[in-house]
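Architecture at a glance
Letter by letter, the chains look like this.
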Amino acid sequence: MLFLYEILLLFATALVVGLIGNLVGIGGGVLIMIILLFGFKMQPVLAGGLSLLTILASASVGTLSNIMQRALSKELFSLIAVFAGAGVLLGSIIPYLLNTKSFDTLFGFVSIGIGLFSILAARRDAKKIRNIERSFTSLSKKEKEAAKKVKGKVGIGSFSFIAGLIAGTFGIGIGGIVGTYLTAIKKMQPKVAFSTVLAAMIITSLLGSSAHLISIKGSMLLLGMIVALMVGVAIGAVAGSHISSRIKSSRLRLAQGYIILSLGIIAIIFSIGM
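Read on for a plain summary of the structure.

Looking now at the overall build of the protein. In terms of regular secondary structure, the protein is built from 11 helices and zero strands. With 274 residues in all, the protein has 55% of them scored as buried. Of all intrachain contacts in the protein linking residues separated by at least 6 positions in sequence, the fraction that spans at least 24 positions is 86%. Per element, the accessible surface of the protein, about 11,800 Å² overall, is 73% carbon and sulfur.

Positive phi is not limited to glycine here, since K41 has a value of about 55 degrees. The topology assignment puts K41 in the loop between α2 (29–39) and α3 (44–68). Looking at K41, the relative accessible area reads 54%, which means it is exposed.

Time to look at helix α4 (residues 74–91). Given a rise of 1.5 Å per residue, 18 residues ought to cover 26 Å, and the 25 Å separating the end C-alpha atoms of α4 matches this to within 8%. Every buried residue of α4 is accounted for by L76, L79, I80, A81, A84, G85, G87, V88 and G91. Residues of α4 that are buried sit in contact with α7 (153–170), α8 (175–185) and α9 (190–213).

Attention shifts here to the packing of aromatic side chains. Each aromatic ring pair is summarised here by two numbers: the centre-to-centre distance and the angle between the ring planes. In the structure shown here, the tally under the stated rule is three aromatic pairs. On the basis of an interplanar angle of 40 degrees and a centroid distance of 5.3 Å, the ring pair of F103 and F170 is categorised as tilted. Here the residue F103 occupies a position in helix α5 (residues 100–125), and F170 occupies one in helix α7, the gap between them amounting to 67 residues. This pair shows no difference in class: F103 is buried, exactly as F170 is. Here the aromatic residues F103, F107 and F170 are joined through ring pairs into a cluster of three or more.

Attention shifts here to the side chain of S209. Note on placement: S209 falls in helix α9. We classify S209 as buried; its relative accessible area is 3%. Only 3.2 Å separates the side chain of S209 from the backbone oxygen of L206, close enough to count as a polar contact. Setting aside residues no more than four positions away along its own chain, S209 makes contact with G49, L52 and L53.

Basis of the calculations
Residues numbered from 1 in each chain as written. Predicted model: local features only at pLDDT ≥ 70, side-chain atom pairs only at ≥ 80, totals over all residues. Heavy atoms only, no water. Helix = DSSP H or I, 4+ residues; strand = E, 2+ residues; numbered from the N terminus. Buried < 20%, exposed > 50% of the residue type's maximum accessible area, 1.4 Å probe, protein only. Contact = heavy atoms within 4.5 Å. Areas by Shrake-Rupley, 256 points an atom, 1.4 Å probe, with all protein chains shown as cover. Expected span 1.5 Å × (residues − 1). Phe/Tyr/Trp six-rings, centres within 6.5 Å; stacked < 30°, edge-to-face > 60°. Polar contact = N/O pair within 3.5 Å; in protein donor to acceptor, adjacent residues only side chain to side chain.

Below, the structure written as structure tokens:
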């Protein structure tokens, strides 16, 4: 009975993660990590591996939808995937060097930092970013193509590597850092930025989850948890991707920041109380 309860809880959580992750381009890893770390009392390495595996499913399903909407930039995808992928592999080593208490507390502060960065950047630039108040579907074909052009590759590569390092360490997505950088600093159209970052998460989460789970022994409970996470997040991802293309871009950026910030505060509260 406990097994069934755990599976249903993970399925429901994954459903929400898929929806939120594809709605605001953050992958949903922060929420999954909180459930696994504090709800299931998992070790950071296992929790990070399952979280990244969940992001892999979410990003894959959401990306298929975004490809159909023609919202991805191929050039940007390649750039992010290479640099963030390298960061993820390096970051995957760090959880083995931290004790659980230190990891939990640091995870909360990192989440808060990412959330604040996203919120402050969105508020500061809300009136300056071209097309910030227009949804992706409202843009003309020419505007959509212009929104996919990439400028400042060095900066994007650097931020992608940092995001990958953090993602590999804490089992979360790269959207909170890279997505915010692209929209706030590089002035990219948010739907294009978030959709492309989400596609790059397929590569980073595949690398990260493999690095985390390679030494973990399987069990029926673990297999059931993986299935529940993958199925739930896939269903939520489809809904989130479609909704995101019809919402004003400024709201997407602010929602991203507030969600990550709130989850970071929750993580801090749990880590202190344990």
